[in-house]
Amino acid sequence: MTTPGGLLLPLCVLVPFVGAMAALAIGGRGAQRVAMATLAAGLAIALWNGVVFIGSGQAVVYVLGGWQPPLGIALRADGLSTSMLVAVAVVITGIGVYARADFSTPAGSSEARGPLVYWLLLLAVWGSLNLVLVSGDLFTLYVALELLTFAGVPLVCLDGKGETLRAALRYLVYALAGSVLYLLGAVLLYGLCGTLDIPLVAQRVHASPAAWMAIAMMTAGLLAKTALFPLHLWLPPAHAGAPPAASAVLSALVVKGSFFIVIRLWFDVAPTLPGLAAAQILAGLGAAAILFGSLVALRQQRLKLLIAYSTLAQIGYLFLMFPLAFDAASGAFVRGSALTAGMLQTIAHATAKAAMFMAAGLLYKAYGHDRIADLAGALRAAPLSVLAFVVGGVALMGVLPSGAYLAKKLLLDAAGASGQWWWEVVLQGGGFLTASYVVLVLAQVTRRGDAAAAPVRVPRTQEVAALALALCSFALALAAVYGPVSGDLLGNPLAPKELISTLMTVAVGCGVALLFARDVPPLIPAGNPLRAAMLAVGGAFERTDAALRQWAVAGLSLLVLAFLFGAAMRTHA
Amino acid sequence: MTGPTLFALVAAALVGTGLYGFIVSPSPLRKILAFNVIGSGVFLMFGVIARRGAIAGIGGDPVPQALLITGIVVAFSATALAITVLLRLAEEAPTTTLEPAPPRGAPDATRTTS
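Residues numbered from 1 in each chain as written. Chains lettered and ligands numbered in written order. Predicted model: local features only at pLDDT ≥ 70, side-chain atom pairs only at ≥ 80, totals over all residues.

Please give an account of the pairing of strand β2 (residues 74-77) of chain A that cites residues and values.
All names here are of chain A. Where burial is concerned, the two faces of β2 agree: the one with Ala-74 and Arg-76 and the one with Leu-75 and Ala-77 are both buried. Examined bridge by bridge, strand β1 (residues 60-63) and β2 share four bridges and lie antiparallel to one another. Each residue of the ladder has a partner; that of Tyr-62, found in β2, is Leu-75. (Buried ≥ 20, exposed ≤ 12 C-beta atoms within 10 Å, placed from the backbone. Helix = DSSP H or I, 4+ residues; strand = E, 2+ residues; numbered from the N terminus. Pairing = 2+ DSSP bridges.)

Now, about the domain arrangement of chain A: what can you tell me, with residues and values included?
Residue and element names in this part refer to chain A. Taken domain by domain, chain A consists of domain 1 (1-136), domain 2 (149-270 + 549-573) and domain 3 (274-539). Taking the mean C-alpha position of each, domain 1 and domain 2 sit 23 Å from one another. Domain 1 puts 24 residues into the contact, and the matching count from domain 2 is 21 residues. At the level of elements, α3 (79-102) and α4 (113-134) are the ones that each hand at least two residues to the side of domain 1 that touches domain 2. Of the residues forming the side of domain 1 that touches domain 2, the biggest block, 11 residues, is contributed by α4. (Domains from an automatic or database assignment. Contact = placed C-beta atoms within 7 Å.)

Break down the packing of helix α14 (residues 337-367) of chain A against helix α17 (residues 403-417) of chain A for me, with residues and values.
All names here are of chain A. It is the contact of α14 with α17, at a shortest axis distance of 8 Å, that shows an interaxial angle of 155 degrees. With respect to their mutual orientation, α14 and α17 come out roughly antiparallel. Judged by the twist between their axes, the crossing of α14 over α17 is left-handed. Seen from α14, the contacting residues are Ser-337, Ala-338, Thr-340, Ala-341, Leu-344, Gln-345, Ile-347 and Ala-348; seen from α17, they are Gly-403, Ala-404, Leu-406, Ala-407, Leu-410, Leu-411, Asp-413 and Ala-414. Among the residues making up the contact of α14 with α17, the classes are represented as 11 nonpolar, four polar and one charged. (Axes fitted to C-alpha atoms, helices over the stretch in contact; angles between N-to-C directions. Parallel < 35°, antiparallel > 145°, perpendicular 65-115°, else oblique. Left-handed = near helix turned anticlockwise from the far one by under 90°. Nonpolar A, V, L, I, M, F, W, Y, C, P; charged D, E, K, R; others polar.)

I'd like to hear about helix α16 (residues 383-397) of chain A, residue by residue, with values.
All names here are of chain A. Compared with the 21 Å implied by 1.5 Å per residue over 15 residues, the 21 Å span of α16 between its first and last C-alpha is a close match. The element α16 is largely enclosed, with a buried count of 12 among its 15 residues. Along α16, the residues classified as buried are Ser-385, Val-386, Ala-388, Phe-389, Val-390, Val-391, Gly-392, Gly-393, Val-394, Ala-395, Leu-396 and Met-397. Two residues or fewer past α16, Gly-398 is found with a positive phi of approximately 75 degrees. (Expected span 1.5 Å × (residues − 1).)

Account for unusual backbone geometry, with residues named and values stated.
All names here are of chain A. The linkage connecting Pro-69 with the following residue, Pro-70, adopts the cis geometry, with an omega of 15 degrees. With respect to the helices and strands, Pro-70 occurs in the loop between β1 and β2. Cis geometry is found at the peptide bond from Phe-229 to Pro-230, where omega equals 0 degrees. Within the fold, Pro-230 resides in the loop between α8 (209-226) and α9 (235-241). Despite not being glycine, Ala-227 has its phi angle at roughly 65 degrees, a positive value. Checked against the element boundaries, Ala-227 lands in the loop between α8 and α9.

With reference to specific residues and values, describe the confidence of the model for chain B.
Residues and elements named next belong to chain B. Taken residue by residue, chain B gives an average pLDDT of 82. The fraction at 70 or more is 80%. With pLDDT under 50 throughout, residues 103-114 is counted as low confidence; its partners more than four residues away or in other chains account for nine contacts. This prediction of the complex comes with two scores: 0.93 for pTM and 0.89 for ipTM. (pLDDT = per-residue confidence, 0-100.)

An account of the environment of Thr-434 of chain A is needed here, citing residue identities and associated values.
Residue and element names in this part refer to chain A. Examined against the element boundaries, Thr-434 turns out to sit in helix α18 (residues 421-445). Using a count of 28 C-beta atoms within 10 Å as the deciding quantity, one classes Thr-434 as buried. A sequence separation of 317 residues divides Thr-434 from Val-117, and the C-alpha atoms of the two residues are 34 Å apart. Beyond its immediate chain neighbours, meaning those up to four positions away, Thr-434 contacts Ser-294, Leu-396 and Met-397.

Describe the interface of chain B and chain A, listing the residues and the values that go with them.
Across the boundary between the two partners, chain B contributes 40 residues, which contact 43 residues of chain A. Broken down by element, the side of chain B that touches chain A gets its largest block of residues, 14 residues, from helix α3 (residues 62-92) of chain B. Residue classes in the side of chain B that touches chain A are distributed as 29 nonpolar, six polar and five charged.

Have a look at this one:
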């Protein structure tokens, strides 16, 4: 049944795609104007849909053509979709404002390939993501997932250089393996249930080997597209090589599309099938991602690669909620505070990571490079860019009242309540490790600069766009407190307990950075045995990471994970 | 052995062969072909499920056939995009291998000192 306001859902999907088509037809400078108008319209639709959802308190549904499922296709927007629709619209708009300076058609030519393609792909990514968020059946989700990949891959190789083309091809081919596994799982589910409509599948699917393998293969395929460790072979070169306005889209949003489908699968399609053991594997991979991503990030010399590895770590953080959302009494994954925390973390990472990539792009523009060791004096030369980077980093640490802070508190509570103390350790450790690479960059940019390497001035609007997105994470905390989260969780940041926790996170982060980072300000003498040992440990992590990113290893990992999930589900039944 | 069972086994063999090629073939073109072999297996599986009539209990279920056509279009687009990127890569770079750059060893020439 189509609910009031249901028409907004097809509009969410159609408006970006119609904008992309119109921009292609008009071309040149007109394409950018069309894109800007589409951004405004799409943002308005997403907000309106939010108002409709809050007003009715029920999922917004649109039945396409009036044909009821299982024969027809329904679009649905529940609380998860609605919040993500708004978050995606805000982040895309921020990136669009930022990208105007980088991707405007140069004076003297009527059309340039790079800018035109960027605006088309930005709108296409948005439309595909919105389709992922509102799809009500597994096959539409497959099509949306593929559209998202097709729109995301060319963003990697906008500059057409050999290395970025290689990164794009690696991303595309590996993602195709992921999507074909997803499709195979969907086919098996259709064979079992005779429908692909999510609520109907949820009613009809029962524990059986075919169902376990279907869910396991779909999950593994989606993890390959999300780049959860150890299936991340494509992520660092793709996210670090793309232009900053494209990296921001890829890192903040594109990987969230497949993550969102994992949530749909585990919470809506088959909440009773996976069981706790599979969730522990998922979160275990997340913990490994945090460790590897953060320690390898500390060894990077280029700022964009550091941020790309930080994305790897933060993707791991998103998966920690799965075992905490498991309800032992019903044997199912239930929507509760752990899922709310996961969504808060997802949105907080989207805004913060977009801001960090944008800030890194500005520093690159100012200095002509992004070698972290040579960014001394950047704080004085480009204070707003550095501020955007640091605010984004602090928003991810989960120390000050922000989206990630609420997420961490909710997850800590859930871990304590279910007696899974080891996830409390990982959650706290993740905060320390995040602090370490933010502090490392901060330490380099605050050093006294070389007057000879005077940077180029960067546009103020770009700096403001980056900073605004970084600050969104704090606005998110306020929005959450007015919505699903209790306001008691939001403490006074200057209260002694909070202050000590903040200082401790930063202090431990400093310690980790001093021990593991490759290039640190000379506080520790070179011959210090502890530092030498830790450098060797860091090197071992880096080599392991490189070995896991070999094609054959990553391909095998994908299959092994699929079987592992299947076996874990068997133990649950 | 009934027809659907035979075809299902063929589909499984295609998926297995494709996955093997996808993992061990060093060349990107072979990986793209392997993806298409896996895809053929999945599409054949669609046909098997349509023939079984699934839950409906009728001779042939039309829904998987509609899905199958869409799936083929998507796989075709994916292949076209991958081949285009591969051709561009062959023009721009000396080699089309997809392996990541080797890890940096201890004597790192590009390292800038602070």
